[in-house]
Amino acid sequence: MRDFINKIRDCQDKNELENIRISILGKKGELAKAFADMKNLSGDQKKERAKELNELKDIFTVELEKRESELSEIELDNKMLSEKIDISLLSPKVEIGGYHPVVETMNRIISYFNNMNFSIEEGNMVEDDWHNFEALNLPKSHPARDMQDTFYFGDGRLLRTHTSPVQIRTMMREKPPIRMIAPGTVFRRDFDLTHTPMFHQVEGLVIENGDKVSFANLKFILEDFLKYMFGDVKVRFRPSFFPFTEPSAEADISCLFCGGNGCRVCSHTGWLEVLGCGMVDPNVFKSVNYENVSGYAFGLGVERFAMLIHRVPDLRSMFEGDLRLLEQFRV
Ligand code: PHE
């Protein structure tokens, strides 16, 4: 019996253990034989022997189960070891991309005005003369139309030259109060160091009933916005002209390159022009049938912002897709 127990405990393989089980507990196994041998014994002896054999059967059963579970555990350990993942193996290289500087700058502008509770409007890239010019106080004879070289389709439609027609579309669709920005693509027939035929603007428009909106409101938000975008700069407002605002101004920031001392980039003025703005002209309100309201508007070029923030000297390089430039904007 000791022999059997040692055999079980030394067994290294589940199949072999099953053979051992059969050889002991099976129909023709050792125990069965021992039970059969009892027929020659007398009554009392028989009883005694049966009790002994049943006890043995219990002991063997327990030993077999114990070894069985030990072998299962060893088997699992071996499996885990052999299936271990080698994390030192080289994997294919994954390139991490980044936003194009124009998109990144656009996102930053949008997030500022989003936080300031401005809604986002879209409008159309293909516009008509009325929305792009006429309703914005630029009648057909107006010399200010020469400020913008327009792509015409020849059927009265045109590619919008600025995002200002979105002001008109929003005012026609909604009622004051209005608080919106319109980020979008615009088109002009222009191509040099600082002009491309396609570029991006963000328009802003705030309108309230009555005379609640003042130039001070405009100055406050634009100054705060420009500091958010450019950091610690000085901001100034300089009188200017736009047909759709009166009075009109251009906002300048102190030159990022020379700190305001004067350099080639700022034409030795110490200032960089960054956006146009003003109080919405009464003629614009007339064309959308608004009465007794006040408001301000502003417009800026996103590429110009991106160029200043990232010190990119040539606007055209923003649209060439040159990886040597774009790789510098990986996150
Ligand atoms: N639409 C003007 C431009 O394209 C910018 C602007 C918008 C100016 C709104 C004042 C108010 O130059």
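Fair warning: this is a prediction, and the values are worked out from it, not measured in the lab.

J.: Any details on the side chain of Thr170? Residues and values, ideally.
T.: Following the sequence through the fold, Thr170 ends up in helix H7 (residues 165-173). A polar contact of 2.7 Å, which involves the side chain of Thr170, links it to the backbone oxygen of Val166. In this structure, Thr170 is in contact with Glu121, Ile178 and Met180, ignoring residues within four places of it in sequence.

J.: Got a sec to walk through the pairing of strand E7 (residues 245-254)? Specific residues and values, please.
T.: Most of E7 sits out of view: 8 of its 10 residues are buried. Between the end of strand E6 (residues 235-242) and the start of E7, which pair antiparallel, lie 2 residues. Both E7 and strand E8 (residues 271-280) contribute to a ladder of 8 bridges, which runs antiparallel. What sits directly across from Ala249, in E8, is Cys277.

J.: Account for a nonpolar patch on the surface, naming residues and giving values.
T.: Taken together, the side chains of Met125, Val126 and Phe153 make up a nonpolar region of the molecular surface, amounting to roughly 260 Å² of accessible area. Among the structural elements, Val126 can be located in strand E2 (residues 126-128).

J.: Account for the state of the cysteines, naming residues and giving values.
T.: This model, assessed by the stated rule, comprises 0 disulfides. Between Cys255, a free cysteine, and Cys258, which holds the nearest cysteine sulfur, the sulfur-to-sulfur gap is 3.6 Å.

J.: Go over H7, please, and point to the residues and values.
T.: Turning to H7, its buried residues are Pro165, Val166, Gln167, Ile168, Thr170 and Met171. Looking at the buried positions of H7, the neighbouring elements they touch are E2, helix H6 (129-132), strand E4 (178-187), strand E5 (198-209), helix H9 (282-287) and strand E9 (293-301).

J.: So what's going on with the sheet that holds E5? Which residues, and what values?
T.: Taken in spatial order, the 7 strands line up as E1-E4-E5-E9-E8-E7-E6 in an open sheet, and their pairing is mixed. Both outer strands of the open sheet, strand E1 (119-120) and E6, are each paired with one neighbouring strand and no more. Bridge count between E1 and E4: 2 bridges; the pairing is parallel. Paired with Ile120 across the two strands is Ile181, which belongs to E4. Each of E4, E6, E7, E8 and E9 is contacted by helix H8 (residues 215-230), which is oriented at about 150 degrees to E8, the strand it contacts most.

J.: For the nonpolar core, give the residues involved together with the corresponding values.
T.: In terms of nonpolar packing, the biggest core is built from 45 residues, with Phe225, Leu226, Phe230, Leu275 and Phe305 touching the most fellow members. At the level of secondary structure, the elements contributing two or more residues to this core comprise helix H5 (101-115), E5, H8, E6, E7, E8, E9 and helix H10 (302-310). Broken down by element, the residue count for this core peaks at 7 residues, all from H8. Once residues lying within four places of it in the same chain are set aside, the contact partners of Phe305 are Thr105, Ile109, Phe225, Leu226, Met229, Phe230, Val274, Leu275 and Leu300.

J.: Any details on the domain arrangement of the protein chain? Residues and values, ideally.
T.: Considered domain by domain, the protein chain is made up of domain 1 (2-82) and domain 2 (101-329). The C-alpha centroid of domain 2 is placed 91 Å from the C-alpha centroid of domain 1.

J.: Describe the site of the ligand, and please don't skip the residues or the numbers.
T.: Surveying the vicinity of the ligand reveals 14 residues, the closest of which are His162, Ser164, Arg188, Gln201 and Glu203. A distance of 3.0 Å separates a nitrogen atom of the ligand from a polar atom in the side chain of Ser164. Within the side chain of Gln201, one N or O atom sits 3.0 Å away from an oxygen atom of the ligand. Protein contact buries 91% of the 330 Å² of open area that the ligand shows by itself. Those elements that place two or more of their residues in the shell around the ligand are E5, E8 and E9. Element by element, the count of residues in the shell around the ligand is highest for E9, at 3 residues.

J.: Account for helix H4 (residues 43-82), with residues named and values stated.
T.: For H4, with 40 residues, the first-to-last C-alpha span of 58 Å sits near the 58 Å given by 1.5 Å per residue. Contact partners of the buried residues in H4: helix H1 (2-10), helix H2 (14-25) and helix H3 (30-37).

J.: Quick one: what's the story with the pattern of salt bridges, residue by residue and with numbers?
T.: As a working rule, side chains carrying opposite charge can pair if their charged atoms are close by. Evaluation of the coordinates by the stated rule reveals 21 salt bridges. Residues Arg173 and Glu121 are paired through a salt bridge, measuring 2.8 Å at the closest nitrogen-oxygen approach. Of the two residues, Arg173 is situated in helix H7 and Glu121 in the loop between E1 and E2; the sequence distance between them amounts to 52 residues. Note on Arg173: relative accessible area 53%, which makes it exposed. Taking relative accessible area as the criterion, Glu121 reaches 12% and is therefore assigned buried. Glu223 is paired through a salt bridge with Lys227; the nearest N and O atoms lie 3.7 Å apart.

Reading the values: rules and limits
Residues numbered from 1 in each chain as written. Predicted model: local features only at pLDDT ≥ 70, side-chain atom pairs only at ≥ 80, totals over all residues. Heavy atoms only, no water. Helix = DSSP H or I, 4+ residues; strand = E, 2+ residues; numbered from the N terminus. Polar contact = N/O pair within 3.5 Å; in protein donor to acceptor, adjacent residues only side chain to side chain. Contact = heavy atoms within 4.5 Å. Buried < 20%, exposed > 50% of the residue type's maximum accessible area, 1.4 Å probe, protein only. Pairing = 2+ DSSP bridges. Patch = residues over 30% accessible without salt bridge, like charges linked within 9 Å, V, L, I, M, F, W, Y side chains within 5 Å. Areas by Shrake-Rupley, 256 points an atom, 1.4 Å probe, with all protein chains shown as cover. Salt bridge = Lys/Arg side-chain N within 4 Å of Asp/Glu carboxyl O. Disulfide = S-S within 2.5 Å. Axes fitted to C-alpha atoms, helices over the stretch in contact; angles between N-to-C directions. Core = buried A, V, L, I, M, F, W, Y, C linked by side-chain atoms within 4.5 Å. Domains from an automatic or database assignment. Near = heavy atom within 4 Å. Expected span 1.5 Å × (residues − 1).

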